[in-house]
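Given next are the chains, with one letter for each unit.
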There are 2 protein chains.
Amino acid sequence: MFQALADPNRRQMVQRLCEGPASVSELAAPLAMTLSAVVQHLAVLEGSGLVRTQKIGRVRTCQLDTQALRAAERWISERRALWERRFDRLGAFLAEQDLKEGDGA
Amino acid sequence: MFQALADPNRRQMVQRLCEGPASVSELAAPLAMTLSAVVQHLAVLEGSGLVRTQKIGRVRTCQLDTQALRAAERWISERRALWERRFDRLGAFLAEQDLKEGDGA
DNA sequence: ACGATACTTAAGCTCATGCTTCACCAACCG
DNA sequence: CGGTTGGTGAAGCATGAGCTTAAGTATCGT
């Protein structure tokens, strides 16, 4: 999931998909690389759950799946919250240390 | 940044750092690999801005930096919001399509 | 039916990543 | 002062990620 977002090209594809569904070729157009490469990136995105695709006729249409995005967002925000709480507590901790200020081991 | 979070070991280190600052060895302890490897991961985390470190005596102490975490969170949430809005609009679009339902090119 | 289009699949190539080992320095412990 | 602890740095290696080419399949347009 983070693995999938780690690549700039893949992020660009996600960016593009934010603005609506797209075919593989449309996705590939702005991306100085072969269709093959794009398909491989797409596979990674699909594997990570970020993108869902569906083939109609010979055209594969790609769509963002917000569920995965939401999961990533949650992972980050949980950790950030955890750390920030810890950080608040640090104030109290330091104050306490100030009082002790050099007690034996 | 996403690159940095892409590695499971690195995520575990971040996880550990959520619960408070740690020395390099403390960070390495639960991680079935050599200190050297951990230091290299640490360099990646530091390079991405996720972690700040500071050396006192011979001990390097590591801390999470929430700013980077916040940036990542924002990136995701912006895109998710964008897509979700687009998704809402899809309802209207489809309704309109239903009315047209087969007009000439 | 025939050619163009839209992808798909496999193979191979190259460079980055993740790891290890080994030698090393610096600080603390007695 | 000498040994141990905590970390650093450079090589080197194995794997995998990202790309390409090339050949193939299935639709679509006419």
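The model shown is predicted, which means the values in this text are computed figures rather than measured ones.

### Observations regarding the sheet that holds strand 2 (residues 51–56) of chain A
Residues and elements named next belong to chain A.
Next, step 1: Taken in spatial order, the three strands make up an open sheet running 1-3-2, and their pairing is antiparallel. Lying at the two open borders of the sheet, with one neighbouring strand each, are strand 1 (22–23) and strand 2.
Next, step 2: Examined bridge by bridge, strand 2 and strand 3 (residues 59–64) share six bridges and lie antiparallel to one another. The residue of strand 3 that forms the bridge with Gln 54 is Thr 61.
Next, step 3: Packing against the sheet, helix 2 (residues 8–18) makes contact with strand 1, strand 2 and strand 3, and its axis sits at approximately 90° to strand 3.

### Things to note about the protein's contact with DNA strand C
Next, step 1: In the neighbourhood of DNA strand C, 22 residues make up the surrounding shell, with A:Ser25, A:Ser36, A:Arg58, A:Arg60 and B:His41 lying closest.
Next, step 2: In DNA strand C, atoms within 4 Å of the protein come from the sugar-phosphate backbone in 65% of cases.
Next, step 3: A:Ser36 places a polar side-chain atom, nitrogen or oxygen, 2.6 Å from a base oxygen of DNA strand C.
Next, step 4: Within the contact set of DNA strand C, a sugar or linking oxygen lies 3.4 Å away from a side-chain nitrogen or oxygen of A:Lys55.

### Focus on the side chain of A:Ser48
All names here are of chain A.
Next, step 1: Here Ser 48 is to be found in the loop between helix 4 (35–47) and strand 2.
Next, step 2: In terms of polar contacts, Ser 48 uses its side chain to reach the backbone amide nitrogen of Leu 50, at 3.3 Å.
Next, step 3: Ignoring sequence-local partners within four residues, the contact set of Ser 48 consists of Met 1, Ala 4 and Ala 68.

### A short note on the confidence of the model for chain A
All names here are of chain A.
Next, step 1: Confidence in the prediction of chain A, expressed as mean pLDDT, is 85, and 82% of residues score 70 or more.
Next, step 2: Averaged over each element, pLDDT in chain A is lowest for helix 5 (residues 66–100) (76) and highest for helix 4 (96).
Next, step 3: Considering only residues more than four positions removed or in separate chains, one finds that residues 98–105, a stretch of pLDDT under 50, has zero contacts.

About the cut-offs
- Residues numbered from 1 in each chain as written.
- Chains lettered and ligands numbered in written order.
- Predicted model: local features only at pLDDT ≥ 70, side-chain atom pairs only at ≥ 80, totals over all residues.
- Heavy atoms only, no water.
- Pairing = 2+ DSSP bridges.
- Helix = DSSP H or I, 4+ residues; strand = E, 2+ residues; numbered from the N terminus.
- Contact = heavy atoms within 4.5 Å.
- Axes fitted to C-alpha atoms, helices over the stretch in contact; angles between N-to-C directions.
- Near = heavy atom within 4 Å.
- Polar contact = N/O pair within 3.5 Å; in protein donor to acceptor, adjacent residues only side chain to side chain.
- pLDDT = per-residue confidence, 0-100.

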